[in-house]
Amino acid sequence: MDIRLTGWRSKNIRGGLRDIDIDLGADPARWTLVQMPNGTGKTTTMDLLRWTLASEGLPSSVVRSLRADDDVETGLFEVRLLINGRPMRLQLELDFRDGSATYWTVREQERGGGREEGRALPNDLRDLLKPTLTELFVFNGELATQILDLKKDKAAGAVRALYRLDTLDAVESVIRRLVEQEQRRAASITTAKEKRGITQLQTAYDEARTIFSKLEQQESVTSARLATLEQERQRLRAEYERRISQDAEIRGQLEVIDARRVEVDAIANDYSQRAMEILRRPTQLHQRLFDRLSLLGGKLYELKLPETISREFFNELAEREFCICGRPIGHDEKHTILNDADRFLAQDQIAVINQMKLALRANTDTPEALMDAVGELQRQLKERQRLLAERDRLTASKAGEDDEILRSLQGKMRECEDEIGPLSTLLERLTTKDPARRVLLKLNWENNLALCDGEVKQRKLKLETATQTRTFGLQGEKLAAIVDETANAALDILRERVRLSTNEKLHQILKNEKIVVAKIGGGLELRSEALGSKRGASEGQKLSIAYAFLTSLLAEAPYKLPFIVDSPAVSLDTEVRREVGDLIPDYFGQMVMFVISSERAGFADAFYARPNGVRYLTVVPQGGGTVRIDDGIEAFKAFHGREN
């Protein structure tokens, strides 16, 4: 990303910034020297540049301190940029009455100027224009001291921020957030996340599976035993019937009884089906239902429903100004709606209701029909019960005639039935899925297969969720550790690259004392060839080291940034000024330097020999907080002479 500064302007701000507009041009020079005498607002301009670029929140006291005089109520500072060849303006509006500051973004290629409150910037640029990065290229002289302070984190922080290692911190945050989301999701199922909780869930799951296996085995054994007993009972009954049938008289009576029972069963089945059919007809259930439904059918015919309601909808729609879809209804639309209404009436609903009307109108059944069917069914069932009792009496009388074989068969059948009863009950308890029967039999997951299967699945879900959550959490921790390790490794590589480049520049700048950067930690750890470890440095050395470090840092950064500096050489001696003036500017695509007259010797005049790419601007005070901007090297030199 290529970012270039094309100018700035201010309005109603203290010092010489009451009404100033610095225009660096649509294609700004590579080096611009802006000569501003003390008191004309250099420091304030640097602060405003940083605040506007980084959108820093300003205390109301700071905002009010920028007021030009008591007569003004608002102020403005605007920074003009060229971002990848596209112009953009960042504005800071100041309200001196309430001490508020508002940031605006103006994209000039948008319709209406594209002015939006806040920072409507691309993501990369929004991440770049932060205070920690902005102070690197809008250089604050105090940063030179902070970079050398090993107790601070300015040097390492600058490397991390400029080369976007902070995005890896964001990746770690995303990983932690995903883990937390997964844990919150899992919390609705289980709160177990640690190994102990997972062990408890595993034990509970194993317990449920064990009980389910026991119930399955019990159901299998019970079913097999019941099948065997049923076969044995059928065999005994067949043997019993065969023994009974040896008596011709009793056999004849039994055949008559069995034939009559078949007839009774057929009649009972017929009346049962007839009763079920009647139950499906509400009019035959009760006289009150019959009367009320008959009344409903009459009303439907009387009111001509539902055609009347459906047609009324279209009549009302045709009279409206707008259709339900929002389109206006004119004469042609109204005519079409009324003519085509019949095509769109709810024919399916009309057909259903008409069938109901016809059924109600044609109904001739009465509630007595159900009572007749039920009464006849009861009579047939009583007759069936009587026939069974008569059959049992005959067989019992035969067994009572000292027939040991029949008595033995009867005893064995009773034994089968005595065992079949409890086993049938047990099998029902094991297999029933009827909720009502489960409640009646007081069943739970420990004695019913279906309930136990549900318990196994629920416990399995809890275990899997807890296991996956823990695994997910451990994987998240591992991934976060990898990201952190990657960030630290990248930081070490970048630190060493910047350190070597910094030392190359220091070798050319500081010739009186050979100072090198031994290590880039939180700050810069220095070493002198003569003294070894070096804890202190002069103001000039600090500034020189800071320039060497920043130019090395910014030169290979993924962004091309302007370097804006206030009084770049004020604390340097003449020889070092010249070295800085000759060496440092070549590392930037654009450099804007605010200078005072005392910086001419050794620094400003180092640019005079550069034939191209240099622009000289001189801010000349005019009184009352206003200034004049003189453009050109002659005005630059001349003003310098007058100041002396």
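Everything quoted here is computed from the prediction, not taken from an experiment.

A look at the pairing of strand β6 (residues 100-106)
Part 1: Here strand β5 (residues 86-95) pairs with β6 via 7 bridges, running antiparallel. Its bridge partner lying in β6, Leu90 is registered against Thr105.
Part 2: Between β5 and β6, which follow one another and run antiparallel, lie 4 residues, and Gly99 among them has a positive phi close to 70°.
Part 3: Summarising the sheet, β6 and strand β7 (residues 115-117) pair through 3 bridges and their orientation is antiparallel. Bridge pairing in β7 links Val106 to Arg115.

Considering the sheet that holds β6
Part 1: The strand order across the open sheet built from 6 strands is β2-β1-β4-β5-β6-β7, with neighbouring strands paired in antiparallel fashion. Of all the strands in the sheet, just β2 (19-23) and β7 have a single pairing partner and so form its edges. Taken over all neighbouring pairs, the strand axes of this sheet differ in orientation by 20° on average, direction set aside.
Part 2: Where strand β1 (residues 3-11) and β2 come together, 5 bridges link them in antiparallel fashion. The residue bridging Ser10 from the neighbouring strand is Ile20, located in β2.
Part 3: Across the sheet, helix α1 (residues 42-54) is in contact with β1, β4 (74-83), β5 and β6; its angle to β4 comes to roughly 70°.

Some remarks on the nonpolar core
Part 1: If you look at the biggest cluster of nonpolar residues, it comprises 94 residues, and the most contacted ones within it are Trp8, Leu162 and Leu553.
Part 2: A total of 9 residues in this core trace back to one element, the largest contributor, which is helix α18 (residues 539-555).
Part 3: Non-local contacts of Leu162, meaning those with residues more than four positions away in its chain, are made with Leu133, Leu136, Leu553, Leu554, Ala557, Pro558, Tyr559 and Leu561.
Part 4: Ile250, Leu254, Ile257 and Leu427 belong to the second-largest nonpolar core, a separate cluster that totals 18 residues.

Details of α1
Part 1: Here α1 spans 18 Å end to end across 13 residues, near enough to the 18 Å set by a 1.5 Å rise per residue.
Part 2: Counting buried positions along α1 yields 12 of 13 residues, so the element is predominantly enclosed.
Part 3: Among the residues making up α1, those that are buried are Lys42, Thr44, Thr45, Met46, Asp47, Leu48, Leu49, Arg50, Trp51, Thr52, Leu53 and Ala54.
Part 4: Positioned one or two residues after α1, Ser55 has a phi angle of 55°, which is positive.

Topic: the sheet that holds strand β15 (residues 626-631)
Part 1: The sheet built from 6 strands is open, its strands ordered β8-β12-β13-β3-β14-β15 with mixed pairing. Looking at which strands have only one partner, the edges of the open sheet turn out to be β8 (138-139) and β15.
Part 2: In terms of strand pairing, β8 meets strand β12 (residues 563-566) through 2 bridges, oriented parallel. Pairing of Val138 across the sheet is with Ile564, part of β12.

Side note on empty space enclosed by the protein
A water-sized probe, rolled over the atoms, reveals where empty space remains.
Part 1: Within this structure, the stated rule accounts for 1 cavity of 30 Å³ or more.
Part 2: As for the largest cavity, its lining consists of Ile3, Leu5, Leu53, Leu81, Leu129, Phe137, Pro562 and Ile564.
Part 3: Its residues assigned to classes, the lining of the largest cavity shows 8 nonpolar, no polar and no charged.

Overview of the pattern of salt bridges
Part 1: Scanning the model with the defined rule gives 30 salt bridges in all.
Part 2: Among the ionic pairs, Glu93 bridges to Arg115, the shortest N-O distance being 2.5 Å. Highlighted residues: Glu93 in strand β5 and Arg115 in strand β7, separated in sequence by 22 residues.
Part 3: Among the ionic pairs, Asp492 bridges to Arg495, the shortest N-O distance being 3.6 Å. Taken as a pair, Asp492 and Arg495 lie in helix α17 (residues 449-509) at a separation of 3 residues, close to a single helical turn.
Part 4: In this structure Asp492 comes out as partly exposed when scored by relative accessible area, which is 45%.
Part 5: The network of salt bridges with common partners includes Arg9, Asp21, Glu78, Arg80 and Arg89.

Things to note about the packing of aromatic side chains
Part 1: On inspection of all chains with the given rule, the structure shows 5 aromatic pairs.
Part 2: A ring pair is formed by Trp8 and Phe594, whose centres lie 5.6 Å apart and whose planes are at 50°; its orientation type is tilted. Placement of Trp8 in strand β1 and of Phe594 in strand β13 (residues 591-595) is noted, with a sequence separation of 586 residues between them.
Part 3: When its relative accessible area of 0% is taken as the criterion, Phe594 is described as buried.
Part 4: When the ring of Phe139 is compared with that of Phe563, the centres are 6.0 Å apart and the planes differ by 35°; the resulting orientation is tilted. Linking Phe139 in strand β8 with Phe563 in strand β12, this pair joins segments that are 424 residues apart in sequence.
Part 5: Each residue in the set Tyr608, Tyr616 and Phe636 is aromatic and connected to the rest through ring pairs, giving one cluster.
Part 6: Stacked on the ring of Trp104, the Lys or Arg Arg115 has its end atom at 3.9 Å from the ring centre.
Part 7: The positively charged end of Arg459 is found above the aromatic ring belonging to Trp445, 4.7 Å away from the centroid.

Observations regarding the environment of Phe77
Part 1: Structurally, the position occupied by Phe77 is in strand β4.
Part 2: When its relative accessible area of 0% is taken as the criterion, Phe77 is described as buried.
Part 3: Phe77 sits 57 residues away from Ile20 along the chain, and the two C-alpha atoms are 9.7 Å apart.
Part 4: Beyond its immediate chain neighbours, meaning those up to four positions away, Phe77 contacts Trp8, Arg9, Ser10, Ile13, Thr45, Leu48, Leu49, Thr52, Leu90, Gln91 and Leu92.

Concerning the pairing of strand β3 (residues 31-35)
Part 1: By the criterion of burial, β3 is predominantly enclosed, with 5 of the 5 residues buried.
Part 2: Neither face of β3 is exposed, since Trp31, Leu33 and Gln35 on one face and Thr32 and Val34 on the opposite face are all buried.
Part 3: As defined by bridge partners, β3 adjoins β13 across 5 bridges and the pair is classed as parallel. Bridge pairing links Trp31 to Met591 in β13.

Details of the side chain of Arg50
Part 1: Along the chain, Arg50 falls in helix α1.
Part 2: One polar contact links Arg50 to Asp47, side chain to side chain, over a distance of 2.7 Å.

How each quantity is defined
Residues numbered from 1 in each chain as written. Predicted model: local features only at pLDDT ≥ 70, side-chain atom pairs only at ≥ 80, totals over all residues. Heavy atoms only, no water. Pairing = 2+ DSSP bridges. Helix = DSSP H or I, 4+ residues; strand = E, 2+ residues; numbered from the N terminus. Axes fitted to C-alpha atoms, helices over the stretch in contact; angles between N-to-C directions. Contact = heavy atoms within 4.5 Å. Core = buried A, V, L, I, M, F, W, Y, C linked by side-chain atoms within 4.5 Å. Buried < 20%, exposed > 50% of the residue type's maximum accessible area, 1.4 Å probe, protein only. Expected span 1.5 Å × (residues − 1). 1 Å grid on protein atoms, 1.4 Å probe; cavity = no way out; pocket = protein on both sides within 12 Å on 5 of 7 lines; lining within 4 Å. Points joined across faces, edges and corners; volume = space filled by probe spheres on them. Nonpolar A, V, L, I, M, F, W, Y, C, P; charged D, E, K, R; others polar. Salt bridge = Lys/Arg side-chain N within 4 Å of Asp/Glu carboxyl O. Phe/Tyr/Trp six-rings, centres within 6.5 Å; stacked < 30°, edge-to-face > 60°. Lys NZ or Arg CZ within 6 Å of the ring centre and 35° of its normal. Polar contact = N/O pair within 3.5 Å; in protein donor to acceptor, adjacent residues only side chain to side chain.

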